[in-house]
Amino acid sequence: MTLGRLLRLGLAPQAAPLERQHVVFLHGLCLLAIGFTLITVLLSVTYGATAPGAVAYALSAGIVPPALSLWLSARGHHAPAAVIFTFYTLLSTAGAASLFGPSYGLQYWYMPVIVLTFMLFPSARRRTALVVAGLNAAAFLGFCFAVEVMPAMVLAPADMRSNFQINISLVAVATAVATYYAQRVTARTRDELRALRQRTDALLGTVLPADFVAALREGGEGVGRRHAPVSVVVCDIAGFTRLAEEAAAEDIVRVLNATFGAFDAVCEERGADKVKTVGDAYVAAVGLTDGAPSARAAVDLALRMRAAVERAEACQAREIRVRIGIGTGEVIAGVVGTNKLAYDMWGAAIEAAFAMEERAAPEQIVVDAATWAELTAEERAAVVRGEPEGYRSPATAAVPA
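Computed from a prediction, not measured in an experiment: that's the story for all the values here. (Residues numbered from 1 in each chain as written. Predicted model: local features only at pLDDT ≥ 70, side-chain atom pairs only at ≥ 80, totals over all residues. Heavy atoms only, no water.)

Caption draft 1: Fine view of the overall build of the chain. Secondary structure assignment for the chain yields 15 helices and seven strands. Buried residues in the chain amount to 40% of all 401 residues. In the chain, the proportion of contacts linking residues at least 24 apart, taken out of those at least 6 apart, comes to 67%. (Helix = DSSP H or I, 4+ residues; strand = E, 2+ residues; numbered from the N terminus. Buried < 20%, exposed > 50% of the residue type's maximum accessible area, 1.4 Å probe, protein only. Contact = heavy atoms within 4.5 Å.)

Caption draft 2: Region of interest: the nonpolar core. Judged by nonpolar contacts, the single largest core of 36 residues is most densely connected at Val233, Phe263, Leu301, Met305, Ile324 and Ile326. Secondary-structure elements contributing two or more residues to this core are strand S1 (224–237), helix H9 (240–246), helix H10 (249–270), strand S3 (281–286), helix H11 (295–311), strand S4 (322–336) and strand S6 (365–367). Top contributing element to this core by residue count: H10, with eight residues. Discounting chain neighbours no more than four positions away, the residues touching Val233 are Tyr282, Val283, Ala284, Ala298, Leu301, Ala302, Met305, Ile324, Gly325 and Ile326. Counting residues in hydrophobic clusters, the runner-up holds 19 residues, among them Leu288, Val331, Ala333 and Val335. (Core = buried A, V, L, I, M, F, W, Y, C linked by side-chain atoms within 4.5 Å.)

Caption draft 3: Fine view of the pattern of salt bridges. Within the structure shown, the criterion is met by 12 salt bridges. Here Arg304 and Glu269 are joined by a salt bridge, their closest N and O atoms 3.8 Å apart. With Arg304 in helix H11 and Glu269 in helix H10, this pair connects stretches of sequence that are 35 residues apart. Under the relative-accessibility criterion, Arg304 is labelled partly exposed at 31%. Of the residues examined, Glu269 reaches a relative accessible area of 55% and is grouped as exposed. (Salt bridge = Lys/Arg side-chain N within 4 Å of Asp/Glu carboxyl O.)

Caption draft 4: Broad picture of the packing of H10 against H11. Contact geometry of H10 with H11 gives a least axis separation of 9 Å together with a crossing angle of 145°. For the element pair H10 and H11, the recorded crossing hand is right-handed. Contact with H10, carried on its side by Thr259, Ala262, Phe263, Val266, Cys267, Glu269 and Arg270, involves Asp300, Leu301, Arg304, Met305, Ala308 and Val309 of H11 and no other residues of that element. The class makeup of the residues in the contact of H10 with H11 is eight nonpolar, one polar and four charged. (Axes fitted to C-alpha atoms, helices over the stretch in contact; angles between N-to-C directions. Left-handed = near helix turned anticlockwise from the far one by under 90°. Nonpolar A, V, L, I, M, F, W, Y, C, P; charged D, E, K, R; others polar.)

Here it is as structure tokens:
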């Protein structure tokens, strides 16, 4: 097993970036503590400076707690593992400070331990981290000011001063390393969160306009916009009900994907906005973003959508034909829903577009009066005017027949 895999044992694939850093840091400290203990014992045995009983105690006290923490964390119990490791550092530091006395300076190791405590626990366990850090701080203050410790090992004043300076220097280095690592983790987490936000915005951008994505990011609810004039294009697959009854489910999805994929490409090419799909109907809007006159551009879009279906092999294999309706007028566009956001559109133009599509024959483009009024003679030759019987949308009521 590689070191990288060992450091990431027990991490869920969906773990948040910051949680991964906490776990990796915990595993690294456990491995460091085990390695430090083994090297210390090995050197002591090599030079004959430690009795066999002391070796056994050092191995049990210095290896078992970090190994247990690593084992628990590898099985997904990260918080208990962090608690065990921090109490191990608390008690081992207290034991060393009691053995040599406060003058040796070992109690100052509580300072980097306090910093490391907040790097071991995820944000959901901040209270636990505060309690453990408070215990370490209390132990540090106790050794410094409140507790009179009679050291078990007494050193000469010169040796004591030298060891105190060494310990303080090591504490400063350890604190600097811990602070640097914390800043590095913070910067890396910030970069990962920024990348995640960009991916999320890109995903939302495939179903929502950019201005709605920005509004939702800022906490907006019930975001809505009124647009006029807008031309709505509704493109429906002719005979789809019969096709759905006869063909396999995989074929149906393949045909819909090919058809709507072709429409997506055309909308992106012409700067139109995809609004939604309703069953086998595809709804797009022209003039929604820039507010420019949209009827002529909508007809151009509809012609290109029809041509795209004629070119798509999957559509031709099933002899797919489309009916297209276009309505022009005022619309309200907005995002609704809580658990599942939906971008939708309401108003006279979309009502007219669906009504026109219902009157269209296969391969036919039917437009309402408001759209017809803006077209040139050449463009009118490519479409059919088709206000339904008894229907005059508010957008076209004032347009002469």
